[in-house]
Amino acid sequence: MNSSFLRRSTKVIAGLAILGAAFGALAQQTYKVGSVLSMTGPAAFLGEDMKAGMELALDEINAKGGVNGKKIEWFFYDAESQTQKGLSATRRLLTQDKVEMIVGGGNMSGMAIAMLQLTEKAAVPFISTEGSMQIVTPVAERPWTFKSTVDDDQAVERLADYFNKKGIKKVAMLADSSGFGQSAVEQWKKVAPARGLDVVYESFNPSDTDMAPQLNKLKAAGVQAIVCWTVTPAGVVAMKQAKTLGLGDIPFIHSYGFVDKRYMDLAGDAAKDVLLVSVKFPVGEDLPDTDPAKARILALNKNFEARFKRRPNQFAAQTYDAIYLAKQALEKGGSDKDKVRDALRGIRNYNGVGGTFNFSPTQHSGLSKSDLVLLKYQDGRFRLADYQ
């Protein structure tokens, strides 16, 4: 072989090695975090605010020097409300972008559950910003998965406390057929007997436009309150038809997944007297000054409005919290994924905008029923209806 060719080849290889080392050094100057949300398709009405919450948190962190002197490099993909596209994005984050962790599961519980099958296999920490309790349970089968939202059982327990206070014993559970709705049904069936509640169950499809058959059955059963569990516009249909069918004189309560001003405005007069179980974020101004979440809520409201020219909702809050939870884990774990996971498990008494987070090796959802309140919608905004 020609000696000059060998010399040239050696120089090229050496040059590539130097270039590769340079790229490696550059990569080490950042922590890579990936996110999957749905910005288009049926779930897009949540995606815009959820993405904005992440953007604000990331910009705040990087503006203050990042984490351990390194900026967070963000990789974002739109799942388009399609689980297969969410899974394709997850694979890309894991195999091409090689992220330290993933935050956000497509703003759909079913998609998050599908995604975690990949993140668990890859042993990469995943902070879901979606609602279903099944995302993080059983913990033994999901050691790498965490959640910045409250679990269904805690919301059910909070409502059971409210019903006990009001002397309500017979309750309707009107849930949609999605993973979000049926996860809550599962928890109601566990909690209700222990709390002395008689629950009548009815279901509907997320795309339904007529709830009269279910509501008429509930009326005939003589329920004292209706709880509706959905994140879809079908919840507006249920509110309106409950009024027209003569159920307007009993409490109608939506889950935390329905705390959206747009839905209340669509419901019009039917939103009057409706209650919603929720984290405290939407009513930060109404909280007592002693509440540990109030100061952070007011600060986020101010910063979010200044940047996006609108008030944030609780969906922006749960992604904002998720990024800050990721920051804490990266501070302690760095690029060691095992240490990042252990750091997430070790977070205690972190006062976020959604509540006070406490994780453990056996608890991968950080919020509890003490972080929940009941809201009402009045004069175009959410107000505090029941604090404790």
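Below: a short report on this structure. Given the structure is predicted, the values throughout are model-derived calculations rather than measurements. (Residues numbered from 1 in each chain as written. Predicted model: local features only at pLDDT ≥ 70, side-chain atom pairs only at ≥ 80, totals over all residues. Heavy atoms only, no water.)

The sheet built from 7 strands is open, its strands ordered S7-S6-S8-S9-S10-S13-S14 with mixed pairing. Bordering the open sheet on either side are strand S7 (198-204) and strand S14 (381-386), each of which pairs with just one other strand. Adjacent strand axes in the sheet meet at a mean angle of 30° when their direction is disregarded. Where strand S9 (residues 252-254) and strand S10 (residues 275-279) come together, 2 bridges link them in parallel fashion. The residue bridging His 254 from the neighbouring strand is Leu 276, located in S10. In the packing of helix H7 (residues 212-221) onto the sheet, the strands contacted are strand S6 (170-176), S7 and strand S8 (225-229), and the crossing angle to S7 comes to about 170°. (Pairing = 2+ DSSP bridges. Helix = DSSP H or I, 4+ residues; strand = E, 2+ residues; numbered from the N terminus. Axes fitted to C-alpha atoms, helices over the stretch in contact; angles between N-to-C directions. Contact = heavy atoms within 4.5 Å.)

With that out of the way, let us pick up the side chain of Gln 241. Of note, Gln 241 is situated in helix H8 (residues 234-244). By relative accessible area, which is 18% here, Gln 241 ends up buried. There is a polar contact of 3.1 Å between the side chain of Gln 241 and the backbone nitrogen of Ala 212. When residues no more than four places from it in sequence are discounted, the contact partners of Gln 241 are Asp 210, Met 211, Ala 212 and Leu 215. (Buried < 20%, exposed > 50% of the residue type's maximum accessible area, 1.4 Å probe, protein only. Polar contact = N/O pair within 3.5 Å; in protein donor to acceptor, adjacent residues only side chain to side chain.)

Here we come to the nonpolar core. The biggest cluster of nonpolar side chains holds 74 residues, and the ones touching the most others in it are Met 101, Val 103, Leu 159, Phe 163, Met 173, Trp 188 and Trp 229. No other element matches helix H11 (residues 314-333), which puts 11 residues into this core. In this structure, Trp 188 is in contact with Val 156, Leu 159, Phe 163, Met 173, Pro 193, Leu 197, Val 199, Tyr 201, Val 227 and Trp 229, ignoring residues within four places of it in sequence. Ranked by size, the runner-up nonpolar core spans 33 residues in total, among them Ala 172, Phe 204, Met 211 and Tyr 263. (Core = buried A, V, L, I, M, F, W, Y, C linked by side-chain atoms within 4.5 Å.)

The next point concerns the side chain of Ser 360. Its location among the elements puts Ser 360 in the loop between strand S12 (356-357) and strand S13 (372-378). Note on Ser 360: relative accessible area 16%, which makes it buried. Excluding its chain neighbours within four sequence positions, the residues that come into contact with Ser 360 are Arg 345 and Arg 348.

With that out of the way, let us pick up unusual backbone geometry. Here the residue pair Thr 137 and Pro 138 is connected by a cis peptide bond, since its omega of -5° sits within 30 degrees of zero. Looking at the secondary structure, you find Pro 138 in the loop between strand S4 (126-128) and strand S5 (145-147). Even without being a glycine, Asn 107 presents a positive backbone phi close to 50°. Tracing the backbone through its elements, the reader meets Asn 107 in the loop between strand S3 (101-105) and helix H4 (109-122). Using a relative accessible area of 8% as the deciding quantity, one classes Asn 107 as buried. Here the phi dihedral of Asn 349 falls at roughly 55°; this positive angle occurs in a residue that is not glycine. Within the secondary structure, Asn 349 is located in the loop between helix H12 (337-345) and strand S11 (350-351). Asn 349 gets classed as exposed once you look at its relative accessible area, which sits at 55%.

In this model, helix H5 (residues 152-166) (15 residues) spans 21 Å end to end at C-alpha, consistent with the 21 Å of a helix rising 1.5 Å per residue. Just past H5, the residue Gly 167 takes up positive phi, approximately 70°. (Expected span 1.5 Å × (residues − 1).)

Inspection of the secondary structure puts Thr 319 in helix H11. Residue class for Thr 319 comes out buried when judged on its relative accessible area of 0%. The spatial distance from the C-alpha of Thr 319 to the C-alpha of Ala 79 is 16 Å, given a sequence separation of 240 residues. Not counting residues within four places of it along the chain, the set of residues in contact with Thr 319 comprises Asp 49, Met 50, Gly 53, Met 54 and Thr 129.

Our focus in this paragraph is the packing of helix H3 (residues 83-97) against H4. Axis separation between H3 and H4 bottoms out at 9 Å; the angle between their running directions is 25°. Overall, the two elements H3 and H4 adopt an arrangement that is roughly parallel. For the crossing formed where H3 meets H4, the hand is right-handed. Contacts from Thr 83, Gly 86, Leu 87, Thr 90, Arg 91 and Leu 94 in H3 reach Met 111, Ala 114, Met 115, Leu 118, Thr 119 and Ala 122 in H4. Counted by class, the contact of H3 with H4 contains 7 nonpolar, 4 polar and 1 charged residues. (Parallel < 35°, antiparallel > 145°, perpendicular 65-115°, else oblique. Left-handed = near helix turned anticlockwise from the far one by under 90°. Nonpolar A, V, L, I, M, F, W, Y, C, P; charged D, E, K, R; others polar.)

Structural measurements only, silent on function.
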